[in-house]
Every structure is written in C-alpha cells, then in structure tokens.
Number of protein chains: 2
Amino acid sequence: MEFLPGPSVVELKLEEVLAALADPVRLRMVGLLAVTDTERSCSPAGFPVELHKSTLSHHFKVLRAAGLTRTRLEGRNRFVRLRREDLQERFPGLLDAVLAAIGPAEPPTGSR
Amino acid sequence: MEFLPGPSVVELKLEEVLAALADPVRLRMVGLLAVTDTERSCSPAGFPVELHKSTLSHHFKVLRAAGLTRTRLEGRNRFVRLRREDLQERFPGLLDAVLAAIGPAEPPTGSR
DNA sequence: CTCACTGTTTGACGATCATCCAACAATTCC
DNA sequence: GGAATTGTTGGATGATCGTCAAACAGTGAG
C-alpha cells in the first residue's frame, strides 16, 4: 500500500491549512470527502466539479501539501481521504468547525 | 459612537473568513486582539508588526470586510476588536479553534 | 508491444494579493 | 489658522494564484 508524501502531524501548519481551505473548490472537495469519511477516487466521478483534470490535480496537490488529505496509489488510480484524526490532534476542533460551517454537502449518490 | 460598516452575522462567509485568516500578518493581528479580548488601537503601538501603515490599514480593512473585527471611530483614532460572539454564533467553534492553534500570543505589555 | 486510461507537470494567461510610496482627508493641538 | 497626528486611498511593483492546454509518465488491457 503506497501513499504520496505529506507532512507529519507536527509539521502541519495552521496558515497552510487555512490557505488550502480558503479556496471554494478545495472547500467543496473537503466537504465531499467528509460526507462518507472514507476514501474517494480522484476521478471526476468522485468529485462533481466542472474543472479541467489538471486543475483538479493541482487542488489535490495543495490539499495534500497542506496535510488536509492523504493520497493512496493503486495502479493508475488515486484514492484520497481526509486526515481527520491527524488534524484533530494538531488543531482540535478546527476541521469539525469548518465542516459544520460548510453545511450539509450533497450526498455522493447522484440522482440528478 | 460610530463604527465602520461591516457584514452582519448572517452575511459572514466562511471562505472570506478563512481567506482573511490565511495570511500570517492578519493571523497575528487576530491573535493579538484575542489576548485581551478588548478594543485595541490601530496604532503601531497596538500591533507590533514591522509594516508600512498603509499595509496595516489594508489588513485592518480585510479583517473588517470579512467580519472578523469591528472598528470604532474616535476622532482621528481607530479602535478594533474581534467579533467573537458574532463569529461563534455564525461558525461555532471556528475562531476558538484557530486561536487555540495560534498558541499563546505575546502579551500586550512589551518589556523586551 | 501498442493503445487506453489515469493522473502529473510545465508553461501561458489573466486575476488577485501584499507591500510600499506619495498624496489625501479628518481630527486634534497649539 | 497652521502644523501635527492618525489613518485612508490610489497607483506601481513583484509575487502568487487558479485555470486551461499540451505534453508527459506510470499502469493496465488487449
């Protein structure tokens, strides 16, 4: 099981976490990840946002570099999930407050 | 008693609050304001940051526009304070978590 | 081995940001 | 009334950001 590198718990920086969350696209991605609190494929099916795949890749990288998410490799697929425990340990209550403020995100089952 | 205009509680936007906090200078300003949780003069004496006064003015404006602070006018002086209750009402736990994450800020009495 | 798929990287582009400088504005002091 | 004080504003500057397009890279399927 292989993961892409990211900061350890003690390396998490408040400013980077806040900066990563201060973008509407990434805030929505975090909200979607929080819905099931499990891994989610990086594919457009997993994140219904109308952006170029390179833009999504950029945002995934920012979230990972800030330490908000962990990315696992499986063949040519990437799976990403929130680092809720790590963030809770480093900045207690921060992510929960942000997720509560986001409000109910749309469920992953999309019946439009 | 006259205040500069700012958003009402319901007008507070999560992304703007996070964006305002995602800057190291503003994060420090918020931390300093939280120390005494009272009004603080906008003068350089109240905020020991080595920046141009127009830059401080810019940051005060961003904090106020995001709804993090309220600014009161008194002659040619400005006094600013955190809107802790408003932020707690709108985004429960968010500001407390941020302030806890900032850690102990230096006390306002400066005996270097 | 080639092609398809999933993502990443690089560069270009326009927009936004933080900073400083100079000028300006309102208030206070003498 | 003029000077000083406290801030604000506009503009310039360089840096950063989000976006897309094209090219690239690793893995899987046939």
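For the structure, check the block above.
Just so you know, these numbers come straight off a predicted model, no measurement behind them.

Parameters and conventions
- Residues numbered from 1 in each chain as written.
- Chains lettered and ligands numbered in written order.
- Predicted model: local features only at pLDDT ≥ 70, side-chain atom pairs only at ≥ 80, totals over all residues.
- Heavy atoms only, no water.
- Least-squares fit on C-alpha atoms with pLDDT ≥ 70 in both.
- Contact = heavy atoms within 4.5 Å.
- Axes fitted to C-alpha atoms, helices over the stretch in contact; angles between N-to-C directions.
- Helix = DSSP H or I, 4+ residues; strand = E, 2+ residues; numbered from the N terminus.
- Parallel < 35°, antiparallel > 145°, perpendicular 65-115°, else oblique.
- Nonpolar A, V, L, I, M, F, W, Y, C, P; charged D, E, K, R; others polar.
- Core = buried A, V, L, I, M, F, W, Y, C linked by side-chain atoms within 4.5 Å.
- Buried < 20%, exposed > 50% of the residue type's maximum accessible area, 1.4 Å probe, protein only.
- Phe/Tyr/Trp six-rings, centres within 6.5 Å; stacked < 30°, edge-to-face > 60°.
- Lys NZ or Arg CZ within 6 Å of the ring centre and 35° of its normal.
- Buried area = accessible area lost by both parts, 1.4 Å probe.
- Salt bridge = Lys/Arg side-chain N within 4 Å of Asp/Glu carboxyl O.
- Polar contact = N/O pair within 3.5 Å; in protein donor to acceptor, adjacent residues only side chain to side chain.

K.L.:
Now, about the relation of the copies chain A and chain B: what can you tell me, with residues and values included?
P.N.:
With an axial shift of 0.0 Å and an RMSD of 0.0 Å, the rotation relating chain A to chain B amounts to 180°. Such values leave the two copies arranged in the relation of a two-fold axis. A shared interface surface links the copies, since 100% of the contact residues of chain A are contact residues in chain B too.

K.L.:
Got a sec to walk through the packing of helix α2 (residues 24-36) of chain A against helix α5 (residues 94-102) of chain A? Specific residues and values, please.
P.N.:
Residues and elements named next belong to chain A. As a packed pair, α2 and α5 sit with axes 10 Å apart at the nearest point and diverge in direction by 100°. Judged on the interaxial angle alone, α5 and α2 are roughly perpendicular. Judged by residue contacts, Leu-27, Val-30, Gly-31 and Ala-34 of α2 engage Leu-95, Val-98, Leu-99 and Ile-102 from α5. Across the contact of α2 with α5, the residue classes tally to 7 nonpolar, 1 polar and no charged.

K.L.:
Let's hear about the nonpolar core: which residues, and what values?
P.N.:
Looking at soluble globular proteins, one finds that nonpolar side chains tend to be buried together. The biggest cluster of nonpolar side chains holds 60 residues, and the ones touching the most others in it are Leu-68 of chain A together with Leu-68 of chain B. Setting aside residues up to four positions removed in sequence, Leu-68 of chain B forms contacts with Val-17, Ala-20, Leu-21, Leu-63, Arg-81, Leu-82, Arg-83, Leu-87 and Leu-95 of chain B.

K.L.:
Outline the packing of aromatic side chains, listing residues and values.
P.N.:
What the rule picks out here adds up to 2 aromatic pairs over all chains. Ring geometry for Phe-47 of chain A versus Phe-60 of chain A: centroids 5.1 Å apart, planes at 80°, classification edge-to-face. Of this pair, Phe-47 of chain A sits in the loop between β2 (40-41) and α3 (53-66) while Phe-60 of chain A sits in helix α3, and the two are 13 residues apart along the sequence. Like Phe-60 of chain A, Phe-47 of chain A is buried. Its end group placed over the ring of Phe-47 of chain B, Arg-40 of chain B keeps NZ or CZ at 5.7 Å from the ring centre. Positioned above the aromatic ring of Phe-3 of chain B is the side chain of Arg-70 of chain B, whose terminal nitrogen or guanidinium carbon lies 5.7 Å from the ring centre.

K.L.:
Can you explain the environment of Leu-63 of chain B? Please cite residues and give values.
P.N.:
All names here are of chain B. Among the secondary structure elements, Leu-63 is positioned in helix α3 (residues 53-66). Along the primary structure Leu-63 and Ala-19 are separated by 44 residues, whereas in three dimensions their C-alpha atoms are 9.6 Å apart. When residues no more than four places from it in sequence are discounted, the contact partners of Leu-63 are Ala-20, Arg-26, Met-29, Val-30, Leu-68 and Thr-69.

K.L.:
Please set out the interface of chain A and chain B residue by residue, giving values where relevant.
P.N.:
Listed as interface residues are 16 residues of chain A and, on the opposing side, 16 residues of chain B. Carbon and sulfur atoms supply 82% of the area buried between chain A and chain B, which totals about 1,300 Å² over both sides. On the chain A side of the contact with chain B, Leu-14, Glu-15 and Leu-18 of chain A bury the most area, a combined 35% of that side's loss. Across the chain A-chain B interface, the total number found is 0 salt bridges. At the junction of chain A and chain B, the tally comes to 0 residue pairs in polar contact (both at pLDDT 80 or more). Secondary-structure elements contributing two or more residues to the side of chain A that touches chain B are α1 (14-21), α2 and α5 of chain A. Of the residues contributing to the side of chain A that touches chain B, the split by class is 14 nonpolar, 1 polar and 1 charged.

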